[in-house]
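Residue-level structure breakdown
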Amino acid sequence: ATIGVTLLMFTLGMEVSLSQLREVGKVGIWGGMLQIVAAIGLGILVGYVFLGWPLSQSVLFGLIISLSSTAVCLKILTDRGELSSIQGRIMLALLILQDISVIFMTLSLPLLTGQSDNLATALIISIGKVLIFITATFVLGRWILPWLLGGVGGFRSRELFLLTVLVLCFGAAVSTQIFGLSIVFGAFLVGLMLRQTHFVHQALAEITPLRDIFASLFFVSLGMLLDPVFVAANWTLILA
């Protein structure tokens, strides 16, 4: 399932250009911040006021409902052919912002339990990691990727080219996980850099069948996570 999400975000990066993201950048950033804050506020209101939950539990509920499933949203946009539309690009910018915000939400969780030691230091370190990874990825995409893929293309081996692209995709995912970031963020960023090379169409054609297979497993795994007994016991609360 994790491989499916990684491949989905990787191919998405190859289908979207930097210029398209720049066009909706302001809307995505400010709209995304507004959406996250509003959803957290709604979660606190519903949990604390209407359901009588403790404040920490209500804040956690707000954090959870402020995030969307990137894989599910992008699958719907792709199936409807709206990925390159203005609403699709705005949605993509919102999803990327949500993926980045997960880092800071995770760091803020100790506040809910009263364990807030060195929170400021942890936030600064996380921001530094994000900036370092983005810079390293841009350097990779500008100078190393074209040289690497050009050398691999010289062997005229389809299998070698596919393996190289897969190593780039999963290498980015593992790197972001080591950095404490979201794996989908790393895969998307490397896909975006690959978009700037002359090999993007060949890479997309080779990787798409694998993406579709593993993405299907991701949606199967969602069904396996759902507990029918829990749903039956709490259907009124879930419906509300």
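Structure first, text after, so check above.
Residues numbered from 1 in each chain as written. Predicted model: local features only at pLDDT ≥ 70, side-chain atom pairs only at ≥ 80, totals over all residues. Heavy atoms only, no water.

**Here we look at the overall build of the protein**
Note the cut-off: Strands are runs of DSSP state E lasting at least 2 residues, helices are runs of H or I lasting at least 4, and numbering of each runs from the N terminus. Using a 1.4 Å probe on the protein chains alone, a residue whose accessible area is under 20% of its type maximum counts as buried, one over 50% counts as exposed, and one in between counts as partly exposed.
Of regular secondary structure, the protein possesses 12 helices and 0 strands. Traced from its N-terminal end to its C-terminal end, the protein shows the element sequence α-α-α-α-α-α-α-α-α-α-α-α. Once the C-alpha set of the protein is aligned to its principal axes, its extents read approximately 65 × 40 × 30 Å. The buried share among the 240 residues of the protein stands at 38%.

**Details of helix H5 (residues 70–79)**
Stated precisely, the cut-off is as follows: In this description, the arc belongs to the directions extending from the helix axis to the C-beta atoms. Between two residues, a contact is recorded if the distance between any of their heavy atoms is within 4.5 Å.
Buried within H5 we find Thr70, Ala71, Cys73, Leu74 and Leu77. Along H5, the residues classed as buried sweep out an arc of 165° about the axis, all on the same side. Here the buried face of H5 lies against helix H1 (2–15), helix H6 (86–112) and helix H10 (200–225). Looking at the residues trailing H5, positive phi occurs at glycine 81, about 70°.

**Quick notes on the layout of surface pockets**
To be explicit about the condition: Any residue with an atom within 4 Å of a point lines the site, the site being either a cavity, points on a 1 Å grid over the protein atoms alone where a 1.4 Å probe fits but cannot get out, or a pocket, an open set with protein on both sides within 12 Å along at least 5 of 7 lines. Grid points are joined across faces, edges and corners, and a volume is the space filled by probe spheres set on the points. As a working rule, the residues Ala, Val, Leu, Ile, Met, Phe, Trp, Tyr, Cys and Pro are called nonpolar, Asp, Glu, Lys and Arg charged, and the rest polar, with Gly in that last group.
Each pocket or cavity is described by its volume, and for the largest pocket that value is around 560 Å³. Along the wall of the largest pocket there are 20 residues; nearest its centre are Leu21, Ile29, Ile96, Ile100 and Phe185. Elements that contribute at least two residues to the lining of the largest pocket include exactly helix H2 (18–23), helix H3 (25–50), H6, helix H7 (119–153) and helix H9 (183–194). Grouping the amino acids of the lining of the largest pocket by side-chain chemistry returns 18 nonpolar, 1 polar and 1 charged.

**Side note on the nonpolar core**
Quick note on the threshold: Throughout this description, the term nonpolar core refers to a set of buried Ala, Val, Leu, Ile, Met, Phe, Trp, Tyr and Cys residues connected via side-chain atoms within 4.5 Å.
Ranked by internal contacts, the top residues of the largest apolar core, which has 41 residues, are Phe10, Leu12, Met14, Leu74, Leu92 and Phe188. Among the elements of the structure, H1, H2, H5, H6, H7, helix H8 (158–178), H9 and H10 are those that each provide at least two residues to this core. At 8 residues, the largest contribution of residues to this core is made by H9. With residues near it in sequence (within four places) discarded, leucine 74 still touches Met9, Leu12, Leu83, Leu92 and Leu95. If you look at the next biggest cluster of nonpolar residues, it comprises 6 residues, including Ile103, Val130, Phe133 and Phe185.

**Overview of the pattern of salt bridges**
Test applied: Here a salt bridge means any side-chain nitrogen of Lys or Arg lying within 4 Å of a carboxyl oxygen belonging to Asp or Glu.
In this structure the tally under the stated criterion is 5 salt bridges. Of the charged contacts in the structure, one is a salt bridge between aspartate 79 and lysine 75, with a shortest N-O distance of 3.1 Å. Taken together, the residues span about one helical turn, with aspartate 79 and lysine 75 both in helix H5 at a distance of 4 residues. Residue classification places lysine 75 among the partly exposed residues on the basis of a relative accessible area of 30%. Residue glutamate 206 is joined to arginine 158 by a salt bridge in which the shortest nitrogen-to-oxygen separation is 2.9 Å. Here arginine 158 lies in helix H8 and glutamate 206 lies in helix H10, a separation of 48 residues in the sequence. Relative accessible area serves as the criterion here: at 58%, arginine 158 is assigned to the exposed category. Ionic contacts of the salt-bridge type, sharing partners, join the residues Glu15, Arg211 and Asp212 into one network.

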